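# Architecture at a glance
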Amino acid sequence: MIPAIRGTHDILPGEIERWQQAEQVVRDVCERYGYREIRTPVIEREELFAKGTGETTDIVQKEMYAFEDKGGERVTLRPEATPSMVRAFVEHALEQHLPTVKIFSLGPMFRYERPQKGRYRQFHQLDVEAFGVADAALDAEVVEMAAALVAALGIDDAEVVVNSVGCAECRPAFGRALVTALGDREVDLCVDCRRRAAVNPLRIFDCKVPSCQPIVDALPHATDYLCDACRSHFEATTGLLEALEVAFRVSHRLVRGLDYYSRTTFEILGGRLGAQNALLGGGRYDGLVRQLGGPDRAGIGFAAGMERLVLAMPDGPGPRAPDAFIVALGHAAREPAHLLARDLRRAELAALIDYGDRSMKAQMRRANRTGARHVLILGEDELAHGSVTVKHMASGAETLVRRDDVVRRLTGDPVPIPPEPAAASRLPVPKTAV
Ligand code: AMP
């Protein structure tokens, strides 16, 4: 056996239904807020993330699946979506085609992290991005949308956390304040943090090493160093969030592990998730589009971990039970049975059938295991009379139904199903038990 690569996982039948349900909710919510779907490649130039995500971030320094391809180009599996979304925004001049550029994407990301519950090396994200709007009203709308998404998934124990990390104007002063505040405690920090203090002090807030925590907790707050414009932006954002009745907490440690954020940062934490409890995170990145070679446009967005959303969701309905399982008895019944299966499927019913000439008992056992609502039996007698025995599994009731009436019997539809598949698929087919 060749097992899956560490940190990757299969999503199997039984589990996939929760994913499909989550993806459906995601699409509905995105549509309600005006976001259109895009899909970008999972492989990009390494440079895109070095420049976009940031050279000093853990992602770029330690976690990328980067390599040289056969043409000698440095490429990487994407560790996050935002730089790709920005690239696509610039490359296709999306603002010329969409009234407001609001886009979302669903797909796998790759980070060479230490796997644990809720943390994988291949994981899936929903990524939501909006370009060209600097107004704090959008910050509030994006946070409210993220909270609405979590609520729509039935997750009722989530907590919204917001902060502001300032802008290129005021952040340097905050960085200096951090270094000053560290003073002679810098030597007590872990190796990573000492490096961070030298190149990008803000990144110290990302540290998870226990011995660093008391030192990090005592550091100054970014919100105390905001310039006037950033302060009023933050006040406008939090003010509107209150008006929108979004419950939130301001966390001074929330700087997020990526370099491009400016002003608003936020996360939503899930109560039941354990150590890896961030369901989603994001913020504003007003300088990033220009930094990646585009026009000077504002940007804001968030990424949600699909594995974590699916884990935090309450149990939904299970997989759809097949409408019918067809039991064919004897060789002569095989073709008519397959034809019946085809007709049921054309009428949008889920129909299963057994393969190979197996005994009635073996076929009934399989039908039971599938949870089918009806078993349709085609034997010698039925064939001779042009009929089918329809067994309603819940009640055990058996009825002999004319072959031509079986589909209508199962759909409960008084209107004959037109023979043409295209026409049939346009008809709403109500489903009732026989
Ligand atoms: P980030 O792109 O680091 O801001 O992460 C955004 C969201 O993606 C997080 O809040 C998590 O829900 C999810 N996430 C990030 N890294 C992983 C991972 N290694 N495994 C699973 N989910 C992750």
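As a reminder, the structure under discussion sits directly above these lines.
Quick notes on the rules
- Residue positions are counted from 1 within each chain, in the order its sequence is given.
- Restriction of local features to residues with pLDDT of at least 70 applies here, the model being predicted, together with a cutoff of 80 or more for giving and counting side-chain atom pairs; totals for whole chains, interfaces and linings are based on all residues.
- Side-chain metrics in this entry use all non-hydrogen atoms of the structure; hydrogen atoms and water are not considered.
- Each residue is assigned to one of three classes by its accessible area relative to the maximum for its type, calculated with a 1.4 Å probe on protein chains only: buried under 20%, partly exposed between the two thresholds, exposed over 50%.
- By the criteria applied, helices consist of DSSP H or I runs no shorter than four residues and strands consist of E runs no shorter than two, each listed in order from the N terminus.
- Between any two strands, at least two bridges found by DSSP are needed for them to pair.
- To define axes, lines are fitted to C-alpha atoms, for helices over the stretch in contact only, and angles between the resulting N-to-C directions are given on a 0 to 180 degree scale.
- Left-handed describes a crossing whose near helix is turned anticlockwise from the far helix by less than a right angle; the clockwise case is right-handed.
- What makes two residues a contact is simply this: any of their non-hydrogen atoms within 4.5 Å.
- Classes in brief: Ala, Val, Leu, Ile, Met, Phe, Trp, Tyr, Cys and Pro nonpolar; Asp, Glu, Lys and Arg charged; the others, Gly included, polar.
- A 1.4 Å probe that fits but cannot get out identifies a cavity on a 1 Å grid over protein atoms alone, an open set with protein on both sides within 12 Å along at least five of seven lines counts as a pocket, and a residue lines either if it has an atom within 4 Å of a point.
- Grid points are joined across faces, edges and corners, and a volume is the space filled by probe spheres set on the points.

## Some thoughts on the pairing of strand S9 (residues 264-270)
Summarising burial for S9: seven of the seven residues are buried, a large majority. Pairing analysis gives seven bridges linking strand S7 (residues 158-164) to S9, with the strands arranged antiparallel. The partner of Ser164 across the bridge, within S9, is Thr264. Alignment of S9 against strand S10 (residues 278-284), held across five bridges, turns out to be antiparallel.

## Some thoughts on the packing of helix H1 (residues 16-32) against helix H5 (residues 136-152)
With their axes 10 Å apart at the nearest point, H1 and H5 run at an angle of 145 degrees to one another. In the crossing of H1 with H5, the sense of the turn from one axis to the other is right-handed. On H5, the residues that touch Val25, Val26, Val29 and Cys30 of H1 are Met145, Leu149 and Ala152. Here the contact of H1 with H5 is built from residues that sort into seven nonpolar, no polar and no charged.

## Observations regarding the layout of surface pockets
Considered as a void within the structure, the second largest pocket measures approximately 450 Å³ in volume. In terms of lining residues, the second largest pocket is bounded by 24 residues, among which Ala168, Arg171, Asp259, Tyr260 and Tyr261 are the most central. Secondary structure elements with two or more residues in the lining of the second largest pocket: helix H2 (46-52), helix H6 (171-182) and helix H10 (288-291). Among the elements that line the lining of the second largest pocket, the one with the most residues is H10, at three residues. Within the lining of the second largest pocket, the residues separate by chemical class into 10 nonpolar, seven polar and seven charged.

## Things to note about the sheet that holds strand S13 (residues 351-353)
The strands making up a sheet associate through backbone hydrogen bonding, with each pair oriented either parallel or antiparallel. In spatial order, the strands read S13-S12-S14-S15-S16; together these five strands make up an open sheet with mixed pairing. Strand pairing shows two members of the sheet lacking a second neighbour, S13 and strand S16 (398-402), which therefore form its edges. Across the sheet, the mean angle from the axis of one strand to that of its neighbour is 25 degrees, orientation sign disregarded. Pairing of strand S14 (residues 374-378) with strand S15 (residues 387-392), which is carried by four bridges, proceeds in the antiparallel orientation. The residue of S15 that forms the bridge with Ile377 is Thr389. Packing against the sheet, helix H13 (residues 360-370) makes contact with strand S12 (324-328), S13, S14 and S15, and its axis sits at approximately 175 degrees to S12.

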